[in-house]
Structures are given as structure tokens and as C-alpha cells.
Amino acid sequence: MVHELADYERAPEQCHLTGEQLRAALFGPSPALFGHVAADSSGEPVGFALWFLNFSTWAGGHGIYLEDLYVRPALRGSGAGRALMAALAAVCVERGYQRLDWSMLDWNPAARFYAAIGATQLQEWVSYRLAGPALDALAAELTGPPAAGATLTARPEPGTGRVPDRGDAA
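Residues numbered from 1 in each chain as written. Predicted model: local features only at pLDDT ≥ 70, side-chain atom pairs only at ≥ 80, totals over all residues. Heavy atoms only, no water.

Asker: Teacher, can you tell me more about the overall build of the protein chain here?
Answerer: Across its full length, the protein chain holds five helices and four strands. For the protein chain, the proportion of its 170 residues judged to be buried stands at 21%. Long-range contacts, defined here as pairs at least 24 residues apart, represent 43% of the contacts in the protein chain between residues at least 6 apart. (Helix = DSSP H or I, 4+ residues; strand = E, 2+ residues; numbered from the N terminus. Buried < 20%, exposed > 50% of the residue type's maximum accessible area, 1.4 Å probe, protein only. Contact = heavy atoms within 4.5 Å.)

What follows is the structure, encoded as C-alpha cells:
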């Protein structure tokens, strides 16, 4: 269904996810991606939500960032999308997370659905992305000496994205 979503978003050539990659992300030793699946009465998957934790330094707590929400076209309007969003809202409430965030393409008619469940569009925030050669170039700056006046006290552990804290063994 991730490939179906990429096709719907007019970018099928950009989706390279394999089943193996998705299984590793969801069920590997240290998962950082989580998901919910909506199924019809026969148990056939009809939609999904993939999400991960974010953190608000202002609120001082975690929230959920919804990476992808997809319901197969034939089942849109069936309540599957609302059930997936309700499940994520329940996770937030149960765990004390203060918000559920996501982005969508500006042409997506799902804006009406999101408004109907009480979501508000954030006008003042602009999304940015660093990828490809620009990401590589910026990362390469860390291999040399720090810029004048800059210091780096902790780096993520290779392959984990986790920055050691003072309690970690060196």
C-alpha cells in the first residue's frame, strides 16, 4: 500500500521501499517506526498509518508525527481513515503525548477530512528538507575541524541515531 500511496501522490518513481525494509523498520531490534492497519470485515488490509515519535521542546514532551496515512480508494469514506486517526489520538492520550502532527500535499482533498475531525492547518510553519548531495555535503563538514567558535559535545552512535548521555559508558 505504500507504493499505492506513492502513485496517488504522483511520485511512484520516488518510492523504493521494500517489504524487507518495512519489516526491519517496524519489527527490528530497535524500532523507530510504528504502524496501524485498518482491515475490512474479511480481514483484508484497506489502509494504514505509519508514524514515529517527535518531541516538543516547548511542551516538554513527545508527540506523534504521522508520516503516512492511506486508505485504498474504494474504501475512502468508509470510516477506515477516521478509525486510524482515532487510534493515533488514543495512543497520544494514553501515553500523555500532547499532539499529533502531519503534513500533506497542498492539492490533497483529504484536507476536508482533516478539518472534519477537528485538525487545524498551520499556516505559519514551512517545511524544509535536506537530502541527497546537500545532506552529504553538510555531513562531510563534521569530519573536519569544527567551524570557528563551534564545538560538538556528543555525536549519535553509528547506526542508531542515539546520542550518548553522561550515564553511558564511553
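Asker: So what exactly am I meant to see when it comes to the sheet that holds strand β3 (residues 61-71) here?
Answerer: Each strand in a sheet pairs with another by means of backbone hydrogen bonds, the pair being arranged parallel or else antiparallel. Taken in spatial order, the four strands line up as β1-β2-β3-β4 in an open sheet, and their pairing is mixed. Every other strand in the sheet has two partners, leaving β1 (34-39) and β4 (100-102) as the edge strands with one partner each. Mean inter-strand twist for the sheet, computed between neighbouring axes without regard to direction, equals 35°. Packing against the sheet, helix α3 (residues 80-95) makes contact with β1, β2 (45-56), β3 and β4, and its axis sits at approximately 170° to β3. (Pairing = 2+ DSSP bridges. Axes fitted to C-alpha atoms, helices over the stretch in contact; angles between N-to-C directions.)

Asker: Is there a simple way to think about the pattern of salt bridges in this case?
Answerer: When the charged atoms of two side chains lie near each other, side chains of opposite charge can form a pair. Summed over all chains, the structure comprises two salt bridges. Residues R72 and E4 are paired through a salt bridge, measuring 2.9 Å at the closest nitrogen-oxygen approach. Taken together, the positions of R72 in the loop between β3 and α3 and E4 in helix α1 (residues 2-8) put the pair 68 residues apart, joining distant regions of the chain. Of the charged contacts, one joins R99 and D101 as a salt bridge, the two residues approaching to 3.3 Å between their closest N and O atoms. (Salt bridge = Lys/Arg side-chain N within 4 Å of Asp/Glu carboxyl O.)

Asker: It is not clear to me how the packing of aromatic side chains should be interpreted in this structure. Could you clarify?
Answerer: The geometry of an aromatic ring pair comes down to the distance between the two centres and the angle between the two planes. Enumeration over the complete set of coordinates arrives at six aromatic pairs. Ring geometry for F34 versus W51: centroids 4.9 Å apart, planes at 35°, classification tilted. Of the two residues, F34 sits in strand β1 while W51 sits in strand β2, which places them 17 residues apart along the sequence. Look at F34 and you get partly exposed, because its relative accessible area is 28%. (Phe/Tyr/Trp six-rings, centres within 6.5 Å; stacked < 30°, edge-to-face > 60°.)

Asker: Even after reading the chapter, I still don't get the nonpolar core, so can you show me in this structure?
Answerer: Where a protein is soluble and globular, its nonpolar side chains tend to be buried together. One finds A49, I64, L66, L69 and L84 to be the most contacted residues of the largest nonpolar core, which totals 16 residues. Taken together, the elements giving at least two residues each to this core come down to β2, β3 and α3. Of all the elements, α3 adds the most residues to this core, at six residues. Once you skip the residues sitting within four places of it in the chain, L66 turns out to touch A49, L50, W51, M85, L88, L100, D101 and W102. (Core = buried A, V, L, I, M, F, W, Y, C linked by side-chain atoms within 4.5 Å.)

Asker: Just to check I follow, could you spell out the environment of G19 for this structure?
Answerer: With respect to the helices, strands and loops of the structure, G19 is situated in helix α2 (residues 19-27). Overall, G19 belongs to the partly exposed group, its relative accessible area being 40%.

Asker: What am I meant to see in unusual backbone geometry here?
Answerer: With the exception of glycine, most residues fall at negative phi, and the peptide bonds are largely trans. Unlike most non-glycine residues, R10 shows phi in positive territory, near 65°. Take R10: it is sitting in the loop between α1 and α2. Note on R10: relative accessible area 59%, which makes it exposed.

Asker: Whenever I open this one, the pairing of β2 confuses me. Can you help?
Answerer: A regular strand places its side chains on the two faces of the sheet in alternate fashion. Here six bridges tie β1 to β2, and the two strands are oriented antiparallel to one another. Each bridged residue has a counterpart across the sheet, and for A39 the counterpart in β2 is P45. With antiparallel pairing between neighbouring strands as the criterion, β1 and β2 make up a hairpin whose turn holds five residues, including G43 at a positive phi of roughly 90°. The sheet contact formed by β2 and β3 spans 10 bridges and is antiparallel. Looking across to β3, one finds that F52 is bridged to Y65.

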